[in-house]
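Observations on the three-dimensional arrangement
Now for the letters of each chain:
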Amino acid sequence: MTTSTTRKTPTAGPAAMFFEELGERGHEPLLRKVSGRVRFDLVDGGHTDSWLVAVDKGELTVARKAGTGDCTIRAQRAVFDEVVQGRMNAIAAVLRGALTCQGDLELLFAIQRTFPGPPRGWDPTARTRSAR
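Now for the overall build of the chain. If you tally the helices and strands in the chain, you get 5 helices and 6 strands. Starting at the N terminus, the α and β elements of the chain follow one another as β-α-β-β-β-β-α-α-β-α-α. Put simply, the chain has 132 residues, and 39% of those count as buried. A sequence separation of at least 24 residues applies to 66% of the contacts in the chain between residues at least 6 apart. When the accessible surface of the chain is split by element, carbon and sulfur atoms take 52% of a total near 7,700 Å².

The next point concerns the nonpolar core. One finds Phe19, Phe40, Val53, Ile73, Phe80, Ile111 and Phe115 to be the most contacted residues of the largest nonpolar core, which totals 32 residues. Once residues within four sequence positions are removed from consideration, phenylalanine 80 is found in contact with Ala15, Phe18, Phe19, Phe40, Leu42, Ala75 and Phe115.

Packing of helix 1 (residues 14-25) against helix 2 (residues 77-84) leaves a shortest axis separation of 8 Å and a crossing angle of 50 degrees. One element, helix 1, and the other, helix 2, form an angle in the oblique class. Crossing handedness for the pair helix 1 and helix 2: left-handed. Contact with helix 1, carried on its side by Pro14, Ala15, Phe18 and Phe19, involves Arg77, Phe80, Asp81 and Val84 of helix 2 and no other residues of that element. Looking at side-chain class alone, the contact of helix 1 with helix 2 contains 6 nonpolar, no polar and 2 charged residues.

Pairing between strand 2 (residues 35-44) and strand 3 (residues 47-56): 10 bridges, direction antiparallel. By the bridge assignment for strand 3, aspartate 44 is matched with histidine 47. Connecting the antiparallel pair strand 2 and strand 3 is a turn made up of 2 residues, with glycine 45 showing a positive phi of about 65 degrees. Examined bridge by bridge, strand 2 and strand 5 (residues 71-76) share 6 bridges and lie parallel to one another. Paired with leucine 42 across the two strands is alanine 75, which belongs to strand 5.

Conventions used here
- Think of each chain on its own: its residues are numbered from 1, step by step along the sequence as written.
- Per-residue local features are limited, in this predicted model, to residues with pLDDT of at least 70; the limit for side-chain atom pairs, both in listing and counting, is 80 or more; totals at the level of whole chains, interfaces and linings are taken over all residues.
- The side-chain quantities take in all heavy atoms of the structure and omit both hydrogens and water.
- Helix and strand assignments follow DSSP, with helices taken as H or I runs no shorter than four residues and strands as E runs no shorter than two, numbered in order from the N terminus.
- Residue burial is assigned from relative accessible area. The probe radius is 1.4 Å, only protein chains are included, and a residue is buried under 20% of its type maximum, exposed over 50%, and partly exposed in between.
- We call two residues in contact whenever any of their non-hydrogen atoms come within 4.5 Å of each other.
- Each accessible area is a Shrake-Rupley result for a 1.4 Å probe, and residues are judged covered by the shown protein chains and nothing else.
- Among buried residues, those of type Ala, Val, Leu, Ile, Met, Phe, Trp, Tyr and Cys that are joined through side-chain atoms within 4.5 Å constitute a nonpolar core.
- To define axes, lines are fitted to C-alpha atoms, for helices over the stretch in contact only, and angles between the resulting N-to-C directions are given on a 0 to 180 degree scale.
- Oblique is the label for every angle not falling under 35 degrees (roughly parallel), over 145 degrees (roughly antiparallel), or within 65 to 115 degrees (roughly perpendicular).
- The sense of a crossing depends on the near helix, which, turned anticlockwise from the far helix by less than a right angle, makes the crossing left-handed and, turned clockwise, makes it right-handed.
- Amino acid classes used here: Ala, Val, Leu, Ile, Met, Phe, Trp, Tyr, Cys and Pro are nonpolar; Asp, Glu, Lys and Arg are charged; the rest, including Gly, are polar.
- A pair of strands counts as paired when DSSP detects no fewer than two bridges linking them.

Nothing here speaks to function; it is all geometry.
What follows is the structure in structure tokens.
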């Protein structure tokens, strides 16, 4: 398990907390058959933060940098925050165009296993019902 930081985040939001926790895991049994590097580009206004997650048969290394990935996942920070809070499914976000993925799509399917499920009692239709 390695976490490195190239610059400080102004706020420790859901995305930063997710990557910190992911780096602390060291080994993720759900990824025991997976090897590759996934770069996450999180866009917030005119600024992009990048994280590189390397997986070697379940061994995780997380670094806050824009290295080369076998798969690059790009999203607005708000969208990715929803994903790492379990309020949005990453694959559904790709299908809607809210999240883009380039490169090895199998890594997207694999890394999605590390994202949390929906929070207990969360109703994804609550917003749409209240807008009627």
